[in-house]
Amino acid sequence: MQLTDIGENRIIFLLDKIHYGDDYIKLLYAYAIYDALFLDEAEPRRFLTLLKKMRTNAEARKYYGIETSRDREKADNIANTEYLNSYLEFVETGMLAEDADQKY
């Protein structure tokens, strides 16, 4: 983390693929280090791509192998119907119609 605090330099970390989805990579993500490359993918084109455009949080989670089920639901535009039905029941029951807006 201290390396990223030095100056205005961009640092692209190189990682061994054994860290894919493990606690080490989760720690890097928690420190907002989104621009790392696995060694087997370290090639000039990928470096240039990262230098030109930093990864977003969601892109980093996917690349690092730490995607959540919520990420996949959003990507596939699906909703967990159990949660959705519970939420709708909460909003629609026991309230006056004008109070439903506040719950939403």
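Placed above this text is the structure.
### A closer look at the overall build of the chain
Assigned secondary structure in the chain consists of 7 helices and 2 strands. Helices and strands appear in the chain in the N-to-C order α-β-α-β-α-α-α-α-α. Each of the 104 residues in the chain was classed as buried or not, and the buried ones make up 23%. Expressed as a percentage of contacts within the chain between residues at least 6 apart in sequence, the contacts between residues at least 24 apart total 45%. When the accessible area of the chain is evaluated, it comes to approximately 8000 Å², of which 54% is carbon and sulfur surface.

### Some thoughts on the environment of Lys62
With respect to the helices and strands, Lys62 occurs in helix H4 (residues 57-64). Lys62 sits 41 residues away from Gly21 along the chain, and the two C-alpha atoms are 9.4 Å apart. Ignoring any residue separated from it by four or fewer positions in sequence, one finds Lys62 in contact with Tyr20 and Glu67.

### Some thoughts on the side chain of Asp35
For Asp35, the position within the fold is in the loop between helix H2 (23-30) and strand S2 (36-38). Classification of Asp35 by relative accessible area gives buried; the value is 6%. Looking at Asp35, its side chain comes within polar contact range of the main-chain nitrogen of Arg55, at 3.0 Å. Apart from the residues lying within four places of it in its own chain, the contact partners of Asp35 are Arg10, Ile11, Ile12, Phe13, Leu50, Met54, Arg55 and Tyr64.

What counts, and where the lines are drawn
Residues numbered from 1 in each chain as written. Predicted model: local features only at pLDDT ≥ 70, side-chain atom pairs only at ≥ 80, totals over all residues. Heavy atoms only, no water. Helix = DSSP H or I, 4+ residues; strand = E, 2+ residues; numbered from the N terminus. Buried < 20%, exposed > 50% of the residue type's maximum accessible area, 1.4 Å probe, protein only. Contact = heavy atoms within 4.5 Å. Areas by Shrake-Rupley, 256 points an atom, 1.4 Å probe, with all protein chains shown as cover. Polar contact = N/O pair within 3.5 Å; in protein donor to acceptor, adjacent residues only side chain to side chain.

These values are about where atoms sit, not about what they do.
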